[in-house]
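# Coordinates in review
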Amino acid sequence: METTMKPVMFVATVLLGIPTLASAQTVPVALTHIRIIDGTGAPPVEDGTVVMQDGVIVATGKNVALPAHAKIMDRSGKTVLPGLISDHSHIGQLKGVVTGPQFYTVDNILPELAQYRRYGVTTVTALGNNVPHVFDPMRKDAHMGLLPTDLFGVDQGIGVPRGAPPVNVAPDQLFRPRTPEDARKNVDTMAEEGTDLVKIWVDDFDHSLPVKMDPAIIAAVVDEAHKKHLRVAAHIHDLDDAEHVVAAGVDILAHGVRDKPVPSSLVQTLKERGIWYIPTLQLDEATTVWAEQPTWVKTPFVVAGLSAPLLQQINNPTWQRNNSNGAKADFARTSLAMNLQNLQTLWKAGVKVGFGTDSGATPLRVPGVAEHRELALMVRAGIPPLSALQIATQSAAELLGLQDRGVIVAGKRADLLVVAGNPAVTMADADQVVETWANGNAVSGPVPVQEPRSAP
Ligand SMILES: [Zn+2]
């Protein structure tokens, strides 16, 4: 089932400048007898058919006429949903349990993208700390269908001298401007690189850093980005910082508010201005959960996404003790609880919610696994499964301004996730990954699902 990528062929395609999506099938493929969750929040279509050809959905729904010579794949008992879209991830930050700038390489990033795809994530947004001379060509190849997933993101992003983000990255991966003038130049550089969004890290990471971002720099970044028709996403944790960046004109809150309940004034502003809110619930869960070892951590579905060094680390009793107790663990648990509460408030009020986890930023935020946990946590926050799936597909595409994906509709990209069972009822069924179709190419899921026994 796995469609292996052929780098040599890709290079040739790029050199020839052929502007077509790579290796999509020319024979129509029909997934039949399948439940369709189309990503719009509409109730599932039972016993439906989805037909794709040349990387695009050509027909979907009930009583779809099958094209002549279609390859028919009976998917009885399965559900198809749009491929998941991450609005907040990172690539090339780490390998195993080690982070560092040496890992920002094509060879390291390709397997990360392949892992996202095996877990059904077909579009990845790398929200900062990217090395432009590696990231920009990869992003172009991804748009041409040459990489395991499509790829968007912030090129470097804008942090604070001696401040946020406290990450081990090379100077070319992040700007830390000292003056508003420098900040404007940094935005201009990112615009020239073709960045999809601008990112700012404004806070002091729970008082662990000596400074926050200078308000004059925040203002300059927002103004310059908007002049260049770029939207600004802000890293925040606390309500104060969220209110400040919103007042300064940012377009996307890249994390949930995690210290206090969101007041109705902020809810109203987010709604009125159409500001996106990406809760990243899993981020704080990831801080403690690998040490706490609930049963889901040990499922084959999850273990399939863990590197050998990570698996060894999380099974170490000393590591488990150190990471499930103490101030850092308590802070993460309190943050998650407040994040869940605020998400419920904001979602009920109709604020636009995006889908992201900060996966790939640290070893504990595991690509693909994190996105499936985010789905489960959204349900824990009181969001019905169909709406949570809508956030992870249609809304996530809308946040990125992508109109060619995120829903199962004729004419959209054939980026699909096929799972066993019915995640509209039981979100955990979204973890029963059968296959991902990315740009019309099928790749089997992290855990092969047993075919049902033939009927008696
Ligand atoms: Zn991030």
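Note that the structure is predicted; figures quoted are calculated from it, not measured.

What counts and what doesn't
- All residue numbers refer to positions counted from 1 along the written sequence of the respective chain.
- Only residues with pLDDT of at least 70 get local features here, since the model is predicted, and only at 80 or more are side-chain atom pairs given and counted; chain-wide, interface and lining totals rely on the full set of residues.
- Only heavy atoms go into the side-chain values, all of them from the structure, while hydrogens and water stay out.
- Helix and strand assignments follow DSSP, with helices taken as H or I runs no shorter than four residues and strands as E runs no shorter than two, numbered in order from the N terminus.
- The criterion used for residue contact is that any of the two residues' heavy atoms lie within 4.5 Å.
- Salt bridge criterion: a side-chain nitrogen from Lys or Arg within 4 Å of a carboxyl oxygen from Asp or Glu.
- Partly exposed describes any residue whose relative accessible area lies between the buried limit of under 20% and the exposed limit of over 50%, with all areas from a 1.4 Å probe on protein chains only and scaled to the type maximum.
- Counted as coordinating are nitrogen, oxygen and sulfur atoms within 2.8 Å of the metal, or 3.2 Å for Na, K and Ca, while water is not included, which may make sites look incomplete.
- Only strands joined by at least two bridges in the DSSP assignment are considered to pair.
- For every element, the axis is a line fit to its C-alpha atoms; helices are fit only across the contacting stretch, and the angle between N-to-C directions ranges from 0 to 180 degrees.
- Per residue, pLDDT captures the predictor's confidence, and it can take any value from 0 to 100.
- For the domain bounds, the source is a domain assignment made automatically or taken from a database.
- Buried area is understood as the total, over both parts, of accessible area removed when two parts are fitted together, assessed with a 1.4 Å probe.
- Within 6.5 Å between ring centres, the rings of Phe, Tyr and Trp (the latter by its six-membered ring) count as paired, and their orientation is classed by plane angle as stacked under 30 degrees, edge-to-face over 60, tilted in between.
- UniProt positions are given in the numbering used here, feature names are shortened, and annotations may be inferred rather than shown by experiment.
- Put simply, buried Ala, Val, Leu, Ile, Met, Phe, Trp, Tyr and Cys residues joined by side-chain atoms within 4.5 Å make one nonpolar core.
- Of all possible arcs, the one meant is that of the directions from the helix axis to the C-beta atoms.

### Some thoughts on the environment of Ile314
Note that Ile314 resides in helix α10 (residues 308–314). Distance in space between the C-alpha atoms of Ile314 and Val297 is 9.8 Å, their sequence separation being 17 residues. Ignoring anything within four residues of it in the chain, the contact list for Ile314 reads Trp290, Gln293, Val297, Leu306, Trp319 and Gln320.

### Quick word on the pattern of salt bridges
One pass over the full model with this rule turns up 21 salt bridges. In this structure, the salt-bridge partner of Arg139 is Asp136, at a minimum N-O distance of 2.6 Å. Highlighted residues: Arg139 and Asp136, both in helix α3 (residues 132–143), separated by 3 residues, approximately one helical turn. The class for Arg139 is buried, based on a relative accessible area of 4%. Among the residues examined, Asp136 registers a relative accessible area of 10% and is labelled buried.

### Quick notes on the coordination of the zinc ion
Coordination of the zinc ion by the protein comes from His88 (NE2), His90 (NE2) and Asp358 (OD), over a distance range of 2.1 Å. The sequence motif formed by the donor residues of the zinc ion is H-x1-H-x267-D. Using a relative accessible area of 0% as the deciding quantity, one classes His88 as buried.

### Things to note about the sheet that holds strand β14 (residues 276–277)
Strand order in this open sheet of 4 strands is β11-β12-β13-β14, and the pairing throughout is parallel. With partners counted over all chains shown, the strands left at the sheet margins are β11 (198–201) and β14, one partner each. The pairing of strand β13 (residues 252–253) with β14 spans 2 bridges and is parallel. What sits directly across from Leu253, in β14, is Tyr277. Taken strand by strand, helix α5 (residues 215–227) contacts β11 and β12 (232–235), and its axis lies near 175 degrees from that of β11.

### Section: the confidence of the model for the protein chain
Here the protein chain averages 93 in pLDDT, while 93% of its residues score no lower than 70. Here residues 1–20 is a poorly scored stretch, pLDDT under 50, and it has 25 contacts once near neighbours within four places are set aside; other chains count. Across residues 451–456, confidence stays below pLDDT 50; counting only partners more than four residues off in sequence or on other chains, it has 2 contacts.

### Digging into unusual backbone geometry
Between Ala164 and Pro165 the backbone carries a cis peptide bond, its omega angle lying at -10 degrees. With respect to the helices and strands, Pro165 occurs in the loop between β10 (150–154) and α4 (180–193).

### Observations regarding the domain arrangement of the protein chain
Each domain of the protein chain was delimited in the assignment, giving domain 1 (7–82 + 407–444) and domain 2 (84–400). The interface of domain 1 with domain 2 comprises 33 residues on the first partner and 26 residues on the second. The contact between domain 1 and domain 2 buries some 2,300 Å² in all, and 68% of this surface belongs to carbon and sulfur atoms. For the interface between domain 1 and domain 2, the tally reads 1 salt bridge.

### Structural notes on the packing of aromatic side chains
Working definition: an aromatic ring pair is given by the centre-to-centre distance plus the angle between the planes. Applying the stated criterion across every chain yields a total of 2 aromatic pairs. Measuring from ring centre to ring centre gives 5.8 Å for Trp290 and Trp296, while their planes differ by 70 degrees; the resulting arrangement is edge-to-face. Trp290 sits in the buried class, given a relative accessible area of 1%.

### Remarks on the UniProt feature "domain: Amidohydrolase-related" (unreviewed entry) in the protein chain
According to UniProt, the feature "domain: Amidohydrolase-related" (unreviewed entry) maps to residues 79–443 in the numbering used here. In the segment residues 79–443, helix accounts for 42% and strand for 14%; the C-alpha atoms at its two ends are 16 Å apart.

### Digging into the sheet that holds β10
The strand order across the open sheet formed by 3 strands is β6-β9-β10, and the pairing between neighbours is parallel. At either end of the open sheet lies a strand with only one pairing partner, and these are β6 (84–89) and β10. Between one strand and the next, the sheet's axes are offset by a mean angle of 15 degrees, whatever the strand orientation. Pairing geometry for strand β9 (residues 121–127) and β10, over 5 bridges, is parallel. Of the residues in β10, the one forming a bridge with Thr125 is Phe152. Packed onto the sheet, α3 meets β9 and β10 and runs at close to 145 degrees relative to β10.

### Re the nonpolar core
Most often, soluble globular proteins keep nonpolar side chains buried together rather than apart. Counting 105 residues, the largest nonpolar core has Ile200 and Trp290 as its most contacted members. Ranked by residue count, the leading element in this core is helix α14 (residues 385–400), at 9 residues. Built from parts of two domains, this core gets at least three residues from each of domain 1 (7–82 + 407–444) and domain 2 (84–400). Beyond its immediate chain neighbours, meaning those up to four positions away, Ile200 contacts Ile158, Met213, Ile218, Val221, Val232, Ala233, Ala234, His235 and Val250. Counting residues in each nonpolar core, the second largest holds 17 residues, with Ile57, Ala414, Val418 and Val434 among its members.

### Description of helix α11 (residues 317–324)
Regarding α11, the residues found buried are Trp319, Gln320 and Ser324. Along the long axis of α11, the arc covered by the buried residues comes to 110 degrees, so they all point the same way. Of the exposed residues in α11, those oriented more than 90 degrees away from the buried face are Arg321 and Asn322. Gly326, located one to two residues past α11, shows a positive phi value of around 105 degrees.

### A look at the pairing of strand β3 (residues 56–61)
The pairing of strand β2 (residues 45–53) with β3 spans 5 bridges and is classified as antiparallel. When the bridges of β3 are listed, Met52 appears paired with Ile57.

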